[in-house]
Amino acid sequence: VVWHHQVCGMRLQRSLASMAICFGVVTFLLLLNEGTGKLPFRRRHHGRSGLPWVVVGDWGTGDDAQMLVASTLGNVAKKLKPAFVVSTGDQLYPAGASSVDSLDFESKFERVYPEKHPGLRVPWYMALGNHDCVGDPDAEVLYSNRSKHWVMPARYYARSVDVPNCSLPLRIVVLDACALVCEGPAGSGVNFRCDQEILDSLVPGSRSAQLEWLDAELAKPAQWKVVVAHWPLFSFLGNGPSSSMTQALLPMLLRHGVHAYFSGHDHSLQHIELRRHARAGSLHPPHFFVSGAGGYRLHPELKAEAEGEVNSKATPIFKEATHGFMMIHSTRHDMTVDLIRAMDGKRLHTVVISPK
């Protein structure tokens, strides 16, 4: 009887030891996946009703960095199936498109994204960047008539997208930042990135007409209000913000309860929030994101020529000069923004935005 109890006790100890080892291995794997950012994607989004979409910018280089971002983006899109992609501008480096027949549309967009990655065969809502405006901005507008995926019906425009189980849509307003920054208000200085070719491409009066149009668009009801433009309102890396654009847009974004402002221009991934003194009494001010890390050379610090004083109204929550993009998931209850590094697919930062 004693021998029988000893054997049973030894078997029990071995079973407990095996369970402990298995638990340790599982825990290690979970922590490992948490570090790569892959498990949180599945846990957060799998089987959840909502609208997934992507924001990426400053990508049209045709070089290895663009291909790296495209590959990671394509792999993520294969799993999460975004409904659309938003581009924050600078689709075609170095000088935009000379005409709608430019070969860059094929070599730097079609072959890189939709032709190679099935998950990216979705609408791409394009915004004009400063490099796009060095060429012929209207060539990018006209290309919408030739491509199944490139969407730019005008230099600035708006789109409403249905959110599952929600009576109100996601409203995306895409701006022409070239006009807003480089035309500028009377008496303002011209931003240092406003090349003569950009000034030559401007339509007189476009800035004031666009601001009037924007005010009307933002007044429309929506579950989520998102504004997209190439130039950031605030940025702590690269070219930095434009005071004339920030002065014109910030009061409007606060007044209309905009949830998020996505920009590019600065080759990095950033999440920025307003300081309390700049919120004008708003309990839910917009979140500001810089997604300009799609392929061009990175901006590790703020340039000396930048209007850094504009940033006194804001504080950086996250900033990193790395290639990557942002994955967004909009539901009736919240909007999650993940900042993804292209090198390894790691989720670097996450913010969950609540409705107003």
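Residues numbered from 1 in each chain as written. Predicted model: local features only at pLDDT ≥ 70, side-chain atom pairs only at ≥ 80, totals over all residues. Heavy atoms only, no water.

Engineer: Explain the pattern of salt bridges to me, and be specific about the residues and the numbers.
Structural biologist: Going through the model one piece at a time under the given rule, you end up with nine salt bridges. Between Glu106 and Arg111 there is a salt bridge; the shortest N-O distance is 3.7 Å. Relative accessible area serves as the criterion here: at 28%, Glu106 is assigned to the partly exposed category. Relative accessible area serves as the criterion here: at 51%, Arg111 is assigned to the exposed category. In this structure, the salt-bridge partner of Asp138 is Arg155, at a minimum N-O distance of 3.1 Å. Of this pair, Asp138 sits in helix α6 (residues 137-142) while Arg155 is found in the loop between β4 (150-151) and β5 (157-161), placing the two residues 17 residues apart along the sequence. Taking the relative accessible area as the measure of exposure, Arg155 reaches 16% and is therefore buried. Where salt bridges share partners, they join Arg171, Glu217 and Lys220 into one cluster. (Salt bridge = Lys/Arg side-chain N within 4 Å of Asp/Glu carboxyl O. Buried < 20%, exposed > 50% of the residue type's maximum accessible area, 1.4 Å probe, protein only. Helix = DSSP H or I, 4+ residues; strand = E, 2+ residues; numbered from the N terminus.)

Engineer: Outline the packing of aromatic side chains, listing residues and values.
Structural biologist: Within a pair of aromatic rings, the relevant descriptors are the distance that separates the centres and the angle that separates the planes. Within this structure, the stated rule accounts for 18 aromatic pairs. With 5.8 Å between their ring centres and 75° between their planes, Trp59 and Trp124 make a pair best called edge-to-face. On the criterion of sequence distance, the pair formed by Trp59 in the loop between β1 (51-56) and α3 (64-80) and Trp124 in strand β3 (residues 124-126) is long-range, its members being 65 residues apart. The class of Trp59 is buried, set by a relative accessible area of 0%. Look at Trp124 and you get buried, because its relative accessible area is 0%. When the centroid spacing of 4.9 Å and the interplanar angle of 15° are considered together, the rings of Phe262 and Phe289 count as stacked. Taken together, the residues Phe262 in strand β8 (residues 260-263) and Phe289 in strand β10 (residues 287-291) connect sequence positions 27 residues apart. (Phe/Tyr/Trp six-rings, centres within 6.5 Å; stacked < 30°, edge-to-face > 60°.)

Engineer: Got a sec to walk through the nonpolar core? Specific residues and values, please.
Structural biologist: Within the largest apolar cluster, 100 residues are counted, with the highest numbers of intra-cluster contacts made by Trp53, Trp124, Met245 and Phe262. Not counting the four nearest positions on each side in its chain, Trp124 is found in contact with Val56, Trp59, Leu73, Val85, Phe109, Tyr113, His149, Trp150 and Val151. (Core = buried A, V, L, I, M, F, W, Y, C linked by side-chain atoms within 4.5 Å. Contact = heavy atoms within 4.5 Å.)

Engineer: Describe α3, naming the residues involved and giving the relevant values.
Structural biologist: The end-to-end C-alpha distance of α3 is 24 Å, a good match for the 24 Å that 17 residues give at a rise of 1.5 Å each. Along α3, the residues classified as buried are Ala65, Gln66, Val69, Ala70, Thr72, Leu73, Gly74, Val76, Ala77 and Leu80. Where α3 begins, the capping side chain belongs to Asp63, and its oxygen is found 3.2 Å from the backbone nitrogen of Ala65. One or two positions beyond α3, positive phi appears at Lys81, with a value near 50°. (Expected span 1.5 Å × (residues − 1). Polar contact = N/O pair within 3.5 Å; in protein donor to acceptor, adjacent residues only side chain to side chain.)

Engineer: Tell me what's going on with the confidence of the model for the protein, and back it up with residues and numbers.
Structural biologist: Confidence in the prediction of the protein, expressed as mean pLDDT, is 87, and 85% of residues score 70 or more. Across residues 19-47, where pLDDT falls below 50, the model places 28 contacts with residues more than four positions away in sequence or in other chains. (pLDDT = per-residue confidence, 0-100.)

Engineer: Residue-level account of the side chain of Glu307, with values.
Structural biologist: Inspection of the secondary structure puts Glu307 in the loop between β10 and β11 (314-320). At 10 Å, Arg207 is the nearest oppositely charged side chain to Glu307, a buried residue that forms no salt bridge. Apart from the residues within four sequence positions on either side, Glu307 is in contact with Asn191, Pro241, Ser242 and Ser243. (Lys, Arg positive; Asp, Glu negative; His and termini not counted.)

Engineer: Account for the sheet that holds strand β9 (residues 269-274), naming residues and giving values.
Structural biologist: Spatially, the seven strands line up as an open sheet ordered β5-β6-β7-β8-β10-β9-β11, and their pairing is mixed. Each end of this open sheet is capped by a strand with a single partner; those strands are β5 and β11. Adjacent strand axes in the sheet meet at a mean angle of 20° when their direction is disregarded. Pairing geometry for β8 and β10, over four bridges, is parallel. Bridge pairing in β10 links Ala260 to His287. (Pairing = 2+ DSSP bridges. Axes fitted to C-alpha atoms, helices over the stretch in contact; angles between N-to-C directions.)

Engineer: Please provide a residue-by-residue account of the packing of helix α9 (residues 206-218) against helix α10 (residues 243-255), values included.
Structural biologist: When two helices pack together, their arrangement is captured by the angle between the axes and the distance separating the axes. One way to put it is that α9 packs onto α10 with a least axis distance of 10 Å and a crossing angle of 15°. Overall, the two elements α9 and α10 adopt an arrangement that is roughly parallel. Crossing handedness for the pair α9 and α10: right-handed. Taken together, the residues of α10 that come into contact with α9 (itself represented by Arg207, Leu211, Leu214, Asp215 and Leu218) are Ser244, Met245, Ala248, Leu249, Met252, Leu253 and Arg255. Looking at side-chain class alone, the contact of α9 with α10 contains eight nonpolar, one polar and three charged residues. (Parallel < 35°, antiparallel > 145°, perpendicular 65-115°, else oblique. Left-handed = near helix turned anticlockwise from the far one by under 90°. Nonpolar A, V, L, I, M, F, W, Y, C, P; charged D, E, K, R; others polar.)

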